[in-house]
Amino acid sequence: MLPITTTTLPATTTSTTTSTTIKLVTTTTTFPMKIIPSDLDGNGCVGMDDVYMFEGYFGAGNINGDLDKDGDVDYDDFFLLSYQYDGCGE
Ligand SMILES: [Ca+2]
Ligand SMILES: [Ca+2]
């Protein structure tokens, strides 16, 4: 008969540390603003304020009234303004 031996194993401690890092990613998407040639005051729509501004440009021959960018301020610009007029919710 074989002798019975008892062996005490060293105590082991297993420690597992798990760390999870969540990285928040913030993205900003910029959409180009729609350019409306007749939106002379730059508020995103074509209303009476734009008409009044165009009226001043038209009478003075001010190139800021050249809405179709052909080098002059004439009725073609006025027709473009009329076509793009949306009233700005007025
Ligand atoms: Ca406007
Ligand atoms: Ca023009």
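So, here's what we can say about the structure. (Residues numbered from 1 in each chain as written. Chains lettered and ligands numbered in written order. Predicted model: local features only at pLDDT ≥ 70, side-chain atom pairs only at ≥ 80, totals over all residues. Heavy atoms only, no water.)

### A few points about the state of the cysteines
And then number 1: Under the criterion given, the structure shown has 1 disulfide.
And then number 2: Disulfide partner of C45: C88, at an S-S distance of 2.1 Å. Of note, the bridge from C45 to C88 carries an S-S torsion of about 110° and is right-handed in sense. With C45 in the segment before α1 (48-60) and C88 in the segment after α2 (75-84), this residue pair connects regions lying 43 residues apart in the sequence. (Disulfide = S-S within 2.5 Å. Helix = DSSP H or I, 4+ residues; strand = E, 2+ residues; numbered from the N terminus.)

### Description of the packing of α1 against α2
And then number 1: Two elements in contact, α1 and α2, have axes whose closest approach is 11 Å; the angle formed by their N-to-C orientations is 180°. With respect to each other, α1 and α2 are oriented roughly antiparallel. Residue-level contacts link D50, V51, F54 and F58 of α1 to Y75, D77, F78 and L81 of α2.
And then number 2: Of the residues contributing to the contact of α1 with α2, the split by class is 6 nonpolar, no polar and 2 charged. (Axes fitted to C-alpha atoms, helices over the stretch in contact; angles between N-to-C directions. Parallel < 35°, antiparallel > 145°, perpendicular 65-115°, else oblique. Contact = heavy atoms within 4.5 Å. Nonpolar A, V, L, I, M, F, W, Y, C, P; charged D, E, K, R; others polar.)

### Regarding the coordination of the calcium ion (ligand 2)
And then number 1: Donor atoms from the polypeptide that bind the calcium ion (ligand 2) are D66 (OD), D68 (OD), D70 (OD), D72 (O), D72 (OD), D77 (OD) and D77 (OD), placed at 2.2 to 2.9 Å.
And then number 2: On the primary sequence, the residues serving as donors to the calcium ion (ligand 2) are separated as D-x1-D-x1-D-x1-D-x4-D.
And then number 3: Classification of D68 by relative accessible area gives partly exposed; the value is 30%. (Donors = N, O, S within 2.8 Å, 3.2 Å for Na, K, Ca; no water. Buried < 20%, exposed > 50% of the residue type's maximum accessible area, 1.4 Å probe, protein only.)

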